[in-house]
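So you can see what is in the structure, the chains are spelled out below.
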Amino acid sequence: MNTVQEMIARSFQSRPLEQKLQIKQLGPHQPEINLQQTTQDRGKMSKRTFSNAWYKKADWLTGCPIKNSLFCFPCLLFGGDFSWTRQGMVDLKHIAEKIKKHALTRNHLENLTRLGMLGEDAPIEQQINDAYRKSIQKHNEAVDRNRQNLSRIIDCICFCGAFELALRGDDESETSSKPGIFRGLVDLMSTIDKDLETHLARATVFKGTSNTIQNELLDCMLEIIKSHIVQELQNTDFVAIQADDTTDVATKTQSVLVFRYLDSDRNIVERFYGFTHLKDSSAATITEAILCQLDLIFPDLPQKQKLIAQSYDGASVMSGNLGGVQKRIRDVYPNAHFVHCYAHQLNLIMQQAVSKIRETQVFFQDIGGIAAFFTRSPKRTEALHEIVDKSVPRGSSTRWNFHIHTVNLIFEEREGLEKCFVAISSREDFDRTSQNEAHGFLRTLQDKEFQFLLFLFHDIMSHVDGLYDQLQRKDIDTVSVKAVTSAFVQKIMEVRDGVDDLESKLPEHSIFANRRQNITSLVRIGKEICDIVIVQAKERFSFTKHLVTATLLQSKEFARYDESFPERALNQAAEAYPMLKKEQLRTELTVLYGMPVYRKATSALSLLRLIHKLHMENSLTETVTLLKIVITTPMTTVEAERCFSALKRIKTFLRNTMLEERLNALAMLSVESKLVQKIPDFNMQVIDKFATLKDRRADFLYKK
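With respect to the overall build of the protein chain
Broken down by element type, the protein chain carries 33 helices and 9 strands. Looking at the protein chain residue by residue over its 704 residues, the buried ones come to 49%. A separation of at least 24 residues holds for 69% of the contacts in the protein chain among residues at least 6 apart in sequence. Carbon and sulfur atoms make up 50% of the accessible area of the protein chain, which totals about 35,000 Å².

As structure tokens, this is what we get:
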């Protein structure tokens, strides 16, 4: 601050008093300078060099190592002789004489006096400034307290939102003995935070616990979180959407929008963006709702190129090639290729396996009947717990993971179930209907046909369950899906090969209830079931059109591709994604296929991270672009289903009717609770937004 360059660049007189006093306290800047002078006197050359000893002879001297010249510090501050304030003194031969002469000038002496008097007698404006600073300090201290107390209240709202707890109770009065959970949290926090306790006890202008304040804070939270998501979307290279619609507990049609993209840490994330109330479930209405949200985030054409995939629940209104939602979206976002939900495809595969064969239909009716037998009566359930100590889950017509749990439990606990049915059918405290049904289910469990299908579907369901779990992962990508679905088909083939030996695993006491049935026909049925699953899986999990792109990045195929380059897949990739440079991508993939180090990657995401680890991102640019496209492409709408689960819970346990903004805010706090924790200074951002909504009687903004 006290260097010559600083003083010349900015006038000392224009600086605030605080800076002037700091410069005075620092004093002259007296650095080493490379000032030399060569002169000729009477034919003799002499060389002079500046010594720091001159600083001691004249303490007002200051030097500039850039100009290699000397200046007068007081005159530099207050103005004076040009040679001592702007040009600088470089004449070492006459330096002693010039210093002595300048020290006696009137201007220099006056400047020394001004410098000495600086700060001694503070002018009236300085006194005013001191008072103003004190008032600002007092104001900012009050703001500190207000923001801290409001931050605690925001924490309570976030807690309620994350755990889907009702913010308000039936009686929120001061004397209420049963306030809502939010008030209870605030009161609990006040017992460990004395400032909050004092605020709640003494606040007359702003307490922060009213319904209006809660709603305003929820609005601010929603805006801050959405702004953060939008910023991430604008910074990422590619984006995919997942959308779905459902009818909630208030009989309103709700549409959900989820964004999938790679964040700055190269992690795949799926962000809930909000629910939208729909007047109907037509393709036009759903498309309008989605486009309204997308156009706000991607307003111009370059941004629209980012959207490279869209996935729905597989319904015809969504996936129609001519007038479906996906076609209407792609008319506006040409790169947004449609991807069927693979978890939905798995459900369809299993439905086909069951619906085509009469024996399997009967089998699953019996499975559902056993589960319903216990769930319809607490007394039956109690008897089951006494013997088996487990409950039989009921199946679902649309989610085959529920059938998996039912089949597995009946398989594992069939002996205990037999004992339970024997006990129920023989105990006098059970009614006749229960006894008759228990006897019927006992015969079902002992039937060889039922047991054969139970053993068969237990084997099949274990692989269905494993695939279902894989499809539930957020980081699943096309390369991973290709691998796990291929492995699933191979496992079902192995189950089919073992159908001939299945009879040897059945219990010895099993019999055919239907005498027309025999083991040969059961083996034929078992193989037919496996064939249906295999054919359906190959068809529904096949990679066509843009999904063929993923085959370029399957590491287990790299050795084969090194010998025979996948030209067809490359052409389809370049056609599907115009942003790819085909020839450069071909060269990079040739290198990728030929080097064993890249064959270690198990998925597209692991391959991207490996390239980053090897510092090859700037060299394999087109491969990285292709990897980001493949990773961003969604394989399931699992996140949309999770959001609908949150919607159902929020509307059931909180309020059936609420404004769309409140619903989205509460859902956002629940679905994206981890994101809220990661947003830096989230509470402070909410407070800043809250403070600017309208004129507040309480102070929340700092003054400078």
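Anyway, onward from the coordinates.
Thoughts on the sheet that holds strand β9 (residues 337–339)
The strands that make up a sheet pair up through hydrogen bonds in the backbone, lying either parallel or antiparallel. Within the open sheet, the 5 strands sit side by side as β7-β6-β5-β8-β9. Their pairing is mixed. The open sheet has two edge strands with one neighbour each: β7 (268–278) and β9. Ignoring which end each strand starts from, the neighbouring axes of this sheet average 25° apart. With 10 bridges connecting them, strand β6 (residues 253–262) and β7 associate as antiparallel partners. By the bridge assignment for β7, V256 is matched with F275. Helix α15 (residues 325–332) contacts β8 (307–311) and β9 of the sheet and is inclined by roughly 170° relative to β8.

Notes on the state of the cysteines
Evaluated as defined, the whole model comprises 0 disulfides. Here C158 is not cross-linked by a disulfide; its sulfur's nearest cysteine counterpart is in C156, at 9.3 Å. What makes C158 buried here is its relative accessible area of 16%.

Some words on the layout of surface pockets
Space inside the second largest pocket adds up to approximately 450 Å³. In terms of lining, the second largest pocket is formed by 21 residues, of which the most central are D263, V269, R271, K674 and K678. Of all the secondary-structure elements, those providing two or more residues to the lining of the second largest pocket are α11 (211–235), β7 and α32 (673–678). A class-by-class count of the residues in the lining of the second largest pocket yields 6 nonpolar, 4 polar and 11 charged.

Points about the pattern of salt bridges
Following the criterion strictly, the structure yields 28 salt bridges and no others. Across the pair K448 and E503 runs a salt bridge whose closest N-O atoms are separated by 4.0 Å. With K448 in helix α22 (residues 448–471) and E503 in the loop between α23 (478–497) and α24 (519–540), this pair connects stretches of sequence that are 55 residues apart. Residue class for E503 comes out partly exposed when judged on its relative accessible area of 39%. For D531, the salt bridge identified is with R496, shortest N-O distance 2.6 Å.

A look at the pairing of β6
It is a general feature of regular strands that their side chains alternate between the two faces of the sheet. For β6, the tally of buried residues reaches 10 of 10 residues, placing the bulk of the element in the interior. Sheet topology note: the strand β5 (residues 239–247)/β6 ladder contains 9 bridges and is antiparallel. Paired with D245 across the strands is S255, a residue of β6. If you look at the hairpin formed by β6 and β7, you'll find 5 residues sitting between the two strands, and R266 has a positive phi there, around 65°.

A short note on empty space enclosed by the protein
Gaps left between atoms are located by rolling a probe of water-molecule size over the structure's atoms. Under the criterion given, the structure shown has 1 cavity of 30 Å³ or more. In terms of lining residues, the largest cavity is bounded by T478, H546, L547, T549, A550, Y577, I629, V630 and T633. Grouping the constituent residues of the lining of the largest cavity by class yields 5 nonpolar, 4 polar and no charged.

Observations regarding the packing of helix α28 (residues 604–613) against helix α29 (residues 621–632)
It is at 9 Å that the axes of α28 and α29 come closest, and there the two elements cross at 150°. Our classification of the angle between α28 and α29 gives roughly antiparallel. With respect to the hand of their crossing, α28 and α29 are arranged in left-handed fashion. Of α29, the residues touching α28 (which contributes A604, L605, L607, L608 and I611) are T623, V624, L627, K628, V630 and I631.

Cut-offs used in this document
Residues numbered from 1 in each chain as written. Predicted model: local features only at pLDDT ≥ 70, side-chain atom pairs only at ≥ 80, totals over all residues. Heavy atoms only, no water. Helix = DSSP H or I, 4+ residues; strand = E, 2+ residues; numbered from the N terminus. Buried < 20%, exposed > 50% of the residue type's maximum accessible area, 1.4 Å probe, protein only. Contact = heavy atoms within 4.5 Å. Areas by Shrake-Rupley, 256 points an atom, 1.4 Å probe, with all protein chains shown as cover. Pairing = 2+ DSSP bridges. Axes fitted to C-alpha atoms, helices over the stretch in contact; angles between N-to-C directions. Disulfide = S-S within 2.5 Å. 1 Å grid on protein atoms, 1.4 Å probe; cavity = no way out; pocket = protein on both sides within 12 Å on 5 of 7 lines; lining within 4 Å. Points joined across faces, edges and corners; volume = space filled by probe spheres on them. Nonpolar A, V, L, I, M, F, W, Y, C, P; charged D, E, K, R; others polar. Salt bridge = Lys/Arg side-chain N within 4 Å of Asp/Glu carboxyl O. Parallel < 35°, antiparallel > 145°, perpendicular 65-115°, else oblique. Left-handed = near helix turned anticlockwise from the far one by under 90°.

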